[in-house]
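Coordinate analysis (summary)
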Amino acid sequence: MSRVLVIDDSPMLVELTVRALTAAGYQVSGAQDLTSLNQKLSEGPFALILMDVNMPEMFGDDVVEYLRSQKKVTSKLVLYSDISEAELAGKTKASGADGYILKSGGLEAVISGVMNLIGAPALGVPAAVPAPAPTQAPQAAPAAPAPIASTGLKAAPSTGGRKPRILIVDDSEMTARIIEADLVAKGFEVHVADTADKATKIILKKQTRPDLVLLDVRMPNVNGEQFCRFIKSNSLFKGIKVLLCSGENVEELQRICREAGADGYIPKDAVMGNLVAKELMPPGGE
């Protein structure tokens, strides 16, 4: 299979890269955001996905984790950027990408990098002047679960002057909206998702990435434990705290916290909005 997907927020760069790889004999598609990415993935598998690192909506190295963990993509995943080679190699290693290509090498580097990873296309096109092979990187090891806490966080994380951001993941719209209204009134920026896919997209975007996820454990369309592990085992999301919310008994919540690596839990019969707001409030802030 010689299908390649190019992801970049620059329409011009996508077009140029698609044209160059198509001329080399590959079947190539382009995407510029998460919506078009998911659409392209639904059309069939790709041998290789080439993604820009710095895009307004998302980081390419975050997309690597999303594709591996949530979409179960087995394609070769390659980062593409004009940042320094040392920084790009570090992002490749941390994200578990299969390699990287420097934009400074031009389209010839893209073609030879793709050929190095998936071979020449089926029709047989002479290879361009070889560029250094993309660096191979093992998947980053999951972080060890943190000790559980009965009520979660003790202070708001550093947010660079913006409002602390919370993501509520709950299939009950009524419950989510009640908590949202309470938190918004207390000065927090709040986002709501009722599926793991929606929650993942919120986490991936720079503009909506939360400081804390309030996660319902038992939902028909979300495996709360699995989603918590996805966040906590991902080194790119190490700044995100996860607070479980459930009607389970305390012993079961403690078990899930311990095994999934959550930062704490809140029983559903607690006054969730007030408790979360209190736990996130900076010292001296009311």
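Here we summarise the structure given alongside this text. The model shown is predicted, which means the values in this text are computed figures rather than measured ones. (Residues numbered from 1 in each chain as written. Predicted model: local features only at pLDDT ≥ 70, side-chain atom pairs only at ≥ 80, totals over all residues. Heavy atoms only, no water.)

Strand order across the open sheet formed by 5 strands is β2-β1-β3-β4-β5, with parallel pairing between neighbours. Strand pairing shows two members of the sheet lacking a second neighbour, β2 (27-31) and β5 (99-102), which therefore form its edges. Averaged over neighbouring strand pairs, the angle between their axes works out to 20° when direction is ignored. Bridge count between strand β1 (residues 3-7) and β2: 5 bridges; the pairing is parallel. Looking at β2, one finds that V6 is bridged to G30. Strands β1, β2, β3 (48-52) and β4 (76-81) of the sheet are contacted by helix α1 (residues 11-23), whose axis makes an angle of about 170° with β2. (Pairing = 2+ DSSP bridges. Helix = DSSP H or I, 4+ residues; strand = E, 2+ residues; numbered from the N terminus. Axes fitted to C-alpha atoms, helices over the stretch in contact; angles between N-to-C directions. Contact = heavy atoms within 4.5 Å.)

As a further point, take the nonpolar core. Within the largest apolar cluster, 49 residues are counted, with the highest numbers of intra-cluster contacts made by I49, L67 and L244. Broken down by element, this core gets its largest block of residues, 5 residues, from helix α7 (residues 196-204). Of the domains in this structure, domain 1 (3-118) and domain 2 (165-273) are the two that each give at least three residues to this core. Dropping the residues within four chain positions of it, I49 is found in contact with L5, I7, L41, L67, V73, S75, K76, L77 and V78. (Core = buried A, V, L, I, M, F, W, Y, C linked by side-chain atoms within 4.5 Å. Buried < 20%, exposed > 50% of the residue type's maximum accessible area, 1.4 Å probe, protein only. Domains from an automatic or database assignment.)

Reading across the sheet, the 5 strands line up as β7-β6-β8-β11-β12 and stay open at both edges, with parallel pairing between neighbours. Of all strands in the sheet, those with a lone pairing partner are β7 (189-193) and β12 (264-267), marking the two edges. Along the sheet, successive strands turn relative to each other by an average axial angle of 20°, direction set aside. As paired elements, strand β6 (residues 165-169) and strand β8 (residues 212-216) share 4 bridges and run parallel to each other. By the bridge assignment, I166 is partnered in β8 with L212. Sitting on the sheet, α7 is in contact with β6, β7 and β8, with an inclination near 145° to β7. Along the sheet, helix α9 (residues 250-260) contacts β11 (241-246) and β12; its crossing angle with β12, the most-contacted strand, is approximately 155°.

With that out of the way, let us pick up the environment of G30. Along the chain, G30 turns up in strand β2. As a C-alpha pair, G30 and V4 span 26 residues in sequence and 8.6 Å in three-dimensional space. If near-sequence neighbours (up to four positions away) are discounted, G30 is found in contact with L5, V6, V14, V18 and K40.

Its location among the elements puts T208 in the loop between α7 and β8. In this structure T208 comes out as buried when scored by relative accessible area, which is 15%. Within polar-contact distance, the side chain of T208 engages the backbone oxygen of I202 at 2.6 Å. Residues within four places of T208 in sequence aside, it is in contact with R165, H191, K201 and I202. (Polar contact = N/O pair within 3.5 Å; in protein donor to acceptor, adjacent residues only side chain to side chain.)

For the rest of this paragraph, the subject is the environment of E180. With respect to the secondary-structure elements, E180 resides in helix α6 (residues 173-185). Accessibility expressed as a relative area gives 18% for E180, which makes it buried. Taking C-alpha positions, E180 is 6.2 Å from V190, a pair spaced 10 residues apart along the chain. Once residues within four sequence positions are removed from consideration, E180 is found in contact with I168, V190 and V192. Within the structure, E180 has its side chain in polar contact with the side chain of R177 (distance 2.6 Å).

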